[in-house]
Amino acid sequence: MKKTLALVLSLVMLLTAATAMAATEIDYWSVFTGGDGKVMQGMVDAFNASQDEVVVNHTPMTADDLYQKVPLAVQTGSGIPDVCVVHIERIPNFVNQELLYSYDMDLVAEAGIKAENYNQAAWVKSTIDDEQYGIPLDVHGYVTYINKDLFDKYDLNEFVADGYITFDEIRALGDKAKAQGFEGKVFNLGWQRAQLLGYYAQLVEGHKLTDDGEALALDKEALKKVYETMKALYEDGYTSSKTDDYSSMFYGGEMLVWSEGIWMKAAVVDAGVNFEMYPAVCFDPANAKSWMSSHNFVQFADEDRTEEEDLAVAKFVNFMGENSLVWAKDAGQVPAHVSLNEVAEFSSMPQAFLADPAREDELAIYYYLHWGLFDTAISRVNWDFVDGTIAIDDAIAQIEKEVADAIAAQ
């Protein structure tokens, strides 16, 4: 009897070991290192627990580290991850450097991945020369928060009745609140590149940054109007100052309208603020746009990766899309998988309007080969144009020259 039991246990152990050996392991690198990293690890753990065919090993790191390490891994042919999450703006340059493989759409379809399952504003931005290089996990960007208690107190709800706030309304609601004794700030100047590019997109069709795909070609008049609008709001006393901790001001009821990323929703909730969320402040509600980005799953070039591993990646990516409610709930993001639009819990979240297919044209996702160079150049100007450190015309000229010089130096 003991021998029989021992034999049975041995067979069970062998079968378990064989099953484990049969699982395909894939290495996954992501740019999620904070609270969103914990959420992502939980999603990976859920996938691993949901089946026994694929095991995902998740390595989170800062975006700067990932963007340095992956190209080196591809060049050396060593330690290349099977799948990565990158920001969508990086994809054109990766493709140009031949660092990415496009997806085999027939193969990923076996795992359930189809174009129509995803937010099209994000999907099409990673389609290059009819090849699909990215599969979006989410869309995320800069929006507008309001303090609902303050809006109620000072009778300001008329200014958001249509679901939008204009720059003229920033002034009007600020004046109305101040006339009733409000002593805080009306609006903030935050991560200015993100703010400004949303406003710029409202004035430039297709929010293009280039005419020929290479050289930076800013619409100078449009960018100047954006800069002048923000500078005037600052000079007229409607915005925060350079040294203000504008986040704490909003949390503490000392700011009416807050421009920030959707990823800050959890912090707002933790601060106990009764808030509502709207698109970026706009010149005209008929052409409202918010700067947006998207985390995309990509596969860097690896000649040794097998079709079995590619299929395992596709199964993982599809699971992440279909089970991304937690990504919205706990990480404050907007899942790109359209199935989430049918989930009542997601539809009731404040950021859900960004997933509405009827409003995809309000999402300004940029596409430019030299995005990294442009990002650095426009971010360098930052507050300088507001406080007079640099003239607006000189700021624009500086951005163009820095990008042109950097392209020439490559």
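Read on for an overview of the structure. (Residues numbered from 1 in each chain as written. Predicted model: local features only at pLDDT ≥ 70, side-chain atom pairs only at ≥ 80, totals over all residues. Heavy atoms only, no water.)

### Some words on the overall build of the chain
And then number 1: Per the secondary structure count, the chain includes 17 helices and 14 strands.
And then number 2: Its C-alpha atoms give the chain a radius of gyration of 24 Å, near enough to 22 Å, the size a compact globule of 410 residues would have.
And then number 3: Dimensions of the chain along its principal axes, counting C-alpha atoms only, are 90 × 55 × 35 Å.
And then number 4: Taking all 410 residues of the chain together, 51% fall into the buried category.
And then number 5: Within the chain, contacts between residues at least 6 apart in sequence are counted, and of these 76% link residues at least 24 apart. (Helix = DSSP H or I, 4+ residues; strand = E, 2+ residues; numbered from the N terminus. Rg over C-alpha atoms; globule rule 2.2 N^0.38 Å. Buried < 20%, exposed > 50% of the residue type's maximum accessible area, 1.4 Å probe, protein only. Contact = heavy atoms within 4.5 Å.)

### Things to note about the pattern of salt bridges
And then number 1: Considering all chains together, one arrives at 15 salt bridges under this definition.
And then number 2: Through salt bridges that share partners, Asp155, Glu158 and Lys176 make up one connected network. (Salt bridge = Lys/Arg side-chain N within 4 Å of Asp/Glu carboxyl O.)

### Some points on the packing of aromatic side chains
And then number 1: In the structure shown here, the tally under the stated rule is 25 aromatic pairs.
And then number 2: When the ring of Tyr145 is compared with that of Trp258, the centres are 5.0 Å apart and the planes differ by 45°; the resulting orientation is tilted. Here Tyr145 is found in strand β8 (residues 138-147), whereas its partner Trp258 is found in strand β9 (residues 257-261), with 113 residues between them in sequence. Like Tyr145, the residue Trp258 is buried in the burial classification.
And then number 3: Ring geometry for Tyr251 versus Trp258: centroids 5.6 Å apart, planes at 75°, classification edge-to-face.
And then number 4: Of the residues examined, Tyr251 reaches a relative accessible area of 24% and is grouped as partly exposed.
And then number 5: Lying over the aromatic face of Tyr238, Lys178 brings its terminal NZ or CZ to 5.0 Å of the ring centre.
And then number 6: Lying across the ring of Phe283, Lys225 places its NZ or CZ 4.9 Å from the centre. (Phe/Tyr/Trp six-rings, centres within 6.5 Å; stacked < 30°, edge-to-face > 60°. Lys NZ or Arg CZ within 6 Å of the ring centre and 35° of its normal.)

### Focus on helix α17 (residues 392-409)
And then number 1: Along its 18 residues, α17 runs 26 Å from first to last C-alpha, staying within 8% of the 26 Å computed at 1.5 Å per residue.
And then number 2: Of all the residues in α17, the buried ones are Ile392, Ala395, Ile396, Ile399, Glu400 and Val403. Taken end-on, α17 shows its buried residues confined to a sector of 130°, consistent with a single buried face. In α17, the exposed positions that point more than 90 degrees away from the buried face belong to Lys401, Ala408 and Ala409.
And then number 3: Those residues of α17 that are buried lie in contact with α10 (220-235) and α16 (371-381). (Expected span 1.5 Å × (residues − 1). Arc of directions from axis to C-beta.)

### Quick word on the pairing of β8
And then number 1: The element β8 is largely enclosed, with a buried count of ten among its ten residues.
And then number 2: Both β8 and strand β13 (residues 334-335) contribute to a ladder of two bridges, which runs antiparallel. Counted as the bridge partner of Val139 is Val334 from β13.
And then number 3: By the bridge criterion, five bridges tie β8 to β9 in an arrangement that is antiparallel. Pairing of Tyr142 across the sheet is with Gly261, part of β9.
And then number 4: Looking at chain direction, β8 and strand β10 (residues 275-278) are connected through four bridges and run antiparallel. (Pairing = 2+ DSSP bridges.)

### Some thoughts on the nonpolar core
And then number 1: The biggest cluster of nonpolar side chains holds 81 residues, and the ones touching the most others in it are Tyr28, Phe297, Phe300 and Phe316.
And then number 2: Here this core takes seven residues from helix α13 (residues 307-322), the largest share from any one element.
And then number 3: Sequence-distant contacts of Phe300, that is, excluding residues within four places in its chain, are made with Val70, Val74, Ile80, Cys84, Val86, Phe94, Leu99, Leu100, Tyr101 and Arg305.
And then number 4: In this structure, Leu196, Leu256, Trp371 and Ile390 belong to the second largest nonpolar core, which totals 57 residues. (Core = buried A, V, L, I, M, F, W, Y, C linked by side-chain atoms within 4.5 Å.)

### A look at the packing of α10 against α17
And then number 1: One way to put it is that α10 packs onto α17 with a least axis distance of 10 Å and a crossing angle of 130°. Relative to α17, the element α10 lies oblique. The interaxial crossing formed by α10 with α17 has right-handed handedness. Listed contacts from α17 to Lys220, Leu223, Lys224, Tyr227, Glu228 and Lys231 of α10 are Ile392, Asp393, Ala395, Ile396, Ile399 and Glu400.
And then number 2: Residues belonging to the contact of α10 with α17 are distributed by class as follows: six nonpolar, no polar and six charged. (Axes fitted to C-alpha atoms, helices over the stretch in contact; angles between N-to-C directions. Parallel < 35°, antiparallel > 145°, perpendicular 65-115°, else oblique. Left-handed = near helix turned anticlockwise from the far one by under 90°. Nonpolar A, V, L, I, M, F, W, Y, C, P; charged D, E, K, R; others polar.)

### So, a negative patch on the surface
And then number 1: Judged by side-chain charge, Asp104, Asp106, Glu110 and Glu307 come together as a negatively charged surface patch.
And then number 2: Tracing the backbone shows Asp104 in the loop between β4 (100-101) and α5 (105-110). (Patch = residues over 30% accessible without salt bridge, like charges linked within 9 Å, V, L, I, M, F, W, Y side chains within 5 Å. Areas by Shrake-Rupley, 256 points an atom, 1.4 Å probe, with all protein chains shown as cover. Lys, Arg positive; Asp, Glu negative; His and termini not counted. Charge placed at Lys NZ, Arg CZ, Asp CG, Glu CD.)

### Regarding the pairing of strand β12 (residues 295-300)
And then number 1: Among the six residues that make up β12, six are buried, leaving the element largely enclosed by the rest of the structure.
And then number 2: Relative to β12, strand β3 (residues 83-87) runs antiparallel, the two sharing four bridges. In the sheet register, Val86 faces β12, and the bridge partner there is Asn296.
And then number 3: Relative to β12, β4 is paired through two bridges, and the arrangement is antiparallel.

### With respect to the environment of Leu363
And then number 1: When you line up the elements, Leu363 lands in strand β14 (residues 363-365).
And then number 2: Apart from the residues within four sequence positions on either side, Leu363 is in contact with Asn119, Ala121, Val139, His207, Ser290, Met292 and Leu354.

### Focus: the side chain of Ser293
And then number 1: Considering the arrangement of structural elements, one finds Ser293 in strand β11 (residues 290-293).
And then number 2: Within the structure, Ser293 has its side chain in polar contact with the side chain of Glu89 (distance 3.0 Å).
And then number 3: Setting aside residues no more than four positions away along its own chain, Ser293 makes contact with His87, Ile88, Glu89, Asp138, Val139 and His140. (Polar contact = N/O pair within 3.5 Å; in protein donor to acceptor, adjacent residues only side chain to side chain.)

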